[in-house]
Amino acid sequence: MSGLWPIFKREFVAYFATPLAYVFIVIFLFAMGAFTFYIGNFYQNGVADLSVFFAYHPWLYLFLVPAIAMRLWAEERRSGTIELLLTLPVPVWASVVGKYLAAWAFTGIALLLTFPIWLTVNYLGNPDNGVILAGYVGSFLMAGGYLAIGAAISAATSNQVIAFVVSVVVCFLFTISGAPLVLNFVRAIAPMPIVTAISSFSFLTHFGAISTGVIDLRDVIFFVTLIALFLAINIVLIDLKKAS
Amino acid sequence: MIEVEGLTKQFGPFAAVAGIDLRVGRGEVLGFLGPNGAGKSTTMKMITGYLSATCGRVRICGHDIETQTIAAQRQIGYLPEGAPAYGDMTPRSFLNFIAEIRGFVGAAARTHIERAIANTELDPVLEQPIETLSKGFKRRVGLAQAILHDPPVLIMDEPTDGLDPNQKHAVRRLIRDMAPQKAIIVSTHLLEEVEAICTRAVIIDRGRIVADGTPSELLTRSRHHNAVSLLLPTDQAELARARLKSMNDVISVEQTTRPDGLSMLTAFPRQGALLIEDVSALVMAEHWDVRELYAEPGRLEDVFRAVTTHDAARARAQASGAGA
């Protein structure tokens, strides 16, 4: 009765009312295929698994998910519908979570539509489908993480381009925070515990762990708490705008 | 049903709204007037819970908008400035969404939606995306959304902006019909709208209330209140003007010469004086060839300009008057 469900439904349907959904899905699937087959050399590897497929997910999400997230709040602000939404008898958290879940469900559908590659690998060999399932779960969680970051940033501006660019940068930092490039730099200026903390924020590390087939509770908790944290930031940002 | 006390909104050092007190009860239609940037929309945004007040409080049917936001918002129908709506939706799907979010299901939802559609005459465009609609239809979609749940409190920011005269008339009739059961606040730039539908007019300027009363009370503050105008041939006008000026209750006489050989004389009375009887007696006695003779109830425009013209503008007007 909180209004979350109608908001979710409206938002989800809205994706398919414009070309946005179809353009996004086509580009997503095309890019997934291109990365897997041409850059990842899926066939030449001669291994019946989807590790090359999943390896490129973080990099694709890095650009595609902020494209979905940028309009979430910036568009409402620009068109003035945010005033309508926030004066309906719905708590702010329900609007934030409803819109977020709709966007996440949409990325979930795009992800599910990659199923032909799963059929392909099963046709060609005998892959471990448990590992593949774990990969999909991890990929979905990771998309949710990027989306929560992008949604919170979108709430801070009415300009979609700014929302997109800032989201890509922040998501990039979260993606590579475990890479030597970042850690070597941090090591030079910060004590070890901070280095460890920063490296533990890495999407690559957590997603990598899950996509090997080990759904470790800690990796799941990492993504879930990250999503919760950024949704909370999102709610606070919307509330702050009421006061300013 | 609407209680506003000391409502203030500070944007940095700038006070957009500076201590507004209002009480609007059932059956009242309050016209909210003021120049652009006077704080009308900001006040409405705070009353409906879109913006938080810097200080002061708002209660809607007894619910505080800050602490019991949802309970208060349930009682409000709100048409925001510019009537925003989701452009990719059709009016029907948009109203379905609003009905669902307001907690109506099944037959109750259908009844409320149908009634809102009938009241705003949205039938012809129900299945077109809102972004393709004309300004008038968009405004009516916003209205339909605001009245859908038959709220006891209705707040509308320029409900007739962008409508043609027929549509304006229809919206005003709708507001008048709903008025007895509701407390309504309407902001507008159209002074004739206030006289047409409002039981009370509040003029705000730079965030403060500068006039508050029934339209007829405000009219008594107009310099045209009880002024008498007469239309007569220009060659008689000089004499008539002098005779009018010599009357006890007349402060001043203005003359407008028209190209058709006639002149309009307007005699302004002293505060509270009635001129029409004396002037018509004078006309009879002098046998002037008067074509029109009437007393004015007053003009809201006078009151509006008198109370909202800023000091700077007033000083400029005086300076240019002195130079001429």
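For the structure itself, consult the block above.
Attention here is on the structure that accompanies the text. (Residues numbered from 1 in each chain as written. Chains lettered and ligands numbered in written order. Predicted model: local features only at pLDDT ≥ 70, side-chain atom pairs only at ≥ 80, totals over all residues. Heavy atoms only, no water.)

## As for the overall build of chain B
- Along the backbone of chain B there are 12 helices and 14 strands.
- The principal-axis extents of the C-alpha atoms in chain B amount to approximately 75 × 45 × 35 Å.
- Residues classed as buried in chain B amount to 51% of the 324 residues present.
- In chain B, the proportion of contacts linking residues at least 24 apart, taken out of those at least 6 apart, comes to 68%.
- Within the structure as shown, chain B displays about 14500 Å² of accessible surface, and the carbon and sulfur contribution to it stands at 51%.
- Mean positive and mean negative side-chain charge positions of chain B (36 and 40 charges, respectively) differ by 4 Å. (Helix = DSSP H or I, 4+ residues; strand = E, 2+ residues; numbered from the N terminus. Buried < 20%, exposed > 50% of the residue type's maximum accessible area, 1.4 Å probe, protein only. Contact = heavy atoms within 4.5 Å. Areas by Shrake-Rupley, 256 points an atom, 1.4 Å probe, with all protein chains shown as cover. Lys, Arg positive; Asp, Glu negative; His and termini not counted. Charge placed at Lys NZ, Arg CZ, Asp CG, Glu CD.)

## A short note on the packing of aromatic side chains
All names here are of chain A.
- In the structure shown here, the tally under the stated rule is 26 aromatic pairs over all chains.
- Aromatic side chains Phe-54 and Tyr-136 sit 5.3 Å apart centroid to centroid with 90 degrees between the ring planes, which places their arrangement in the edge-to-face category. Taken as a pair, Phe-54 in helix H4 (residues 51–55) and Tyr-136 in helix H10 (residues 129–155) lie far apart in primary sequence, 82 residues in all. Of the two residues, Phe-54 and Tyr-136, neither departs from the other in class, the shared state being buried.
- Summarising the aromatic geometry, the rings of Phe-174 and Phe-203 are spaced 5.8 Å apart at their centres and angled 55 degrees between planes, so their arrangement reads as tilted. Pair noted here: Phe-174 is in helix H11 (residues 160–176) and Phe-203 is in helix H14 (residues 203–211), with a separation of 29 residues, a long-range link.
- Taking the relative accessible area as the measure of exposure, Phe-174 reaches 16% and is therefore buried.
- Exposure remark for Phe-203: the relative accessible area of 0% places this residue in the buried category. (Phe/Tyr/Trp six-rings, centres within 6.5 Å; stacked < 30°, edge-to-face > 60°.)

## Digging into the sheet that holds strand E7 (residues 153–157) of chain B
Residue and element names in this part refer to chain B.
- Read from one edge to the other, the open sheet built from 6 strands follows the order E6-E7-E8-E3-E9-E10, with strand pairing classed as mixed. Only two strands of the sheet have a single neighbouring strand rather than two, namely strand E6 (76–79) and strand E10 (208–213). Between one strand axis and the next, the sheet turns through 15 degrees on average, direction left out of account.
- Pairing geometry for strand E9 (residues 200–205) and E10, over 5 bridges, is antiparallel. (Pairing = 2+ DSSP bridges. Axes fitted to C-alpha atoms, helices over the stretch in contact; angles between N-to-C directions.)

## Overview of the packing of helix H8 (residues 92–112) of chain A against H10(A)
Residues and elements named next belong to chain A.
- H10 packs onto H8 with a crossing angle of 140 degrees between their chain directions and a minimal axis gap of 10 Å. Between H8 and H10, the crossing angle belongs to the class labelled oblique. Classified by chirality, the crossing of H10 by H8 is right-handed. Seen from H8, the contacting residues are Tyr-100, Ala-103, Trp-104, Thr-107, Gly-108 and Leu-111; seen from H10, they are Tyr-136, Ser-139, Phe-140, Leu-141, Ala-143, Gly-144, Gly-145, Leu-147 and Ala-148.
- For the contact of H8 with H10, the class distribution of residues is 10 nonpolar, 5 polar and no charged. (Parallel < 35°, antiparallel > 145°, perpendicular 65-115°, else oblique. Left-handed = near helix turned anticlockwise from the far one by under 90°. Nonpolar A, V, L, I, M, F, W, Y, C, P; charged D, E, K, R; others polar.)

## Some remarks on the sheet that holds strand E13 (residues 262–269) of chain B
All names here are of chain B.
- An order of E12-E13-E11-E14 is seen for the 4 strands of this open sheet, with the pairing classed as antiparallel. Looking at the sheet topology across the chains shown, the edges are occupied by strand E12 (250–257) and strand E14 (292–295). Averaged over neighbouring strand pairs, the angle between their axes works out to 15 degrees when direction is ignored.
- Set on the sheet, helix H10 (residues 276–286) makes contact with strand E11 (228–233) and E14; between it and E14 the angle comes to about 165 degrees.

## A few points about the pattern of salt bridges
- Scanning the model with the defined rule gives 25 salt bridges over all chains in all.
- We note a salt bridge from Glu11(A) to Arg10(A), for which the minimum N-O separation is 3.2 Å. Accessibility classification places Glu11(A) together with Arg10(A) in one group, the buried group.
- Between Asp161(B) and Arg139(B) there is a salt bridge, and its shortest N-O distance comes to 3.9 Å. Of this pair, Asp161(B) sits in the loop between E7 and helix H6 (165–178) while Arg139(B) sits in helix H5 (residues 135–147); the two residues are 22 residues apart in sequence, bridging distant segments of the chain.
- Relative accessible area serves as the criterion here: at 33%, Asp161(B) is assigned to the partly exposed category.
- Overlapping salt bridges, with partners in common, bring together Arg10(A), Glu11(A), Arg71(A), Glu76(A) and Lys99(A) in one network. (Salt bridge = Lys/Arg side-chain N within 4 Å of Asp/Glu carboxyl O.)

## Comments concerning the pairing of E13(B)
Residues and elements named next belong to chain B.
- With 8 of 8 residues buried, E13 lies mostly within the body of the structure.
- Residues Leu-262, Met-264, Thr-266 and Phe-268 point to one face of E13 and Ser-263, Leu-265, Ala-267 and Pro-269 to the other, with burial holding for every one of them.
- By the bridge criterion, 6 bridges tie E11 to E13 in an arrangement that is antiparallel. Opposite Pro-233, over in E13, you have Leu-262 as the bridge partner.
- Where E12 meets E13, 7 bridges bridge the pair, whose relative direction is antiparallel. The residue bridging Thr-257 from the neighbouring strand is Ser-263, located in E13.
- Counting the residues in the hairpin turn of E12 and E13 gives 4 residues, including Gly-261, whose phi is positive at 85 degrees.

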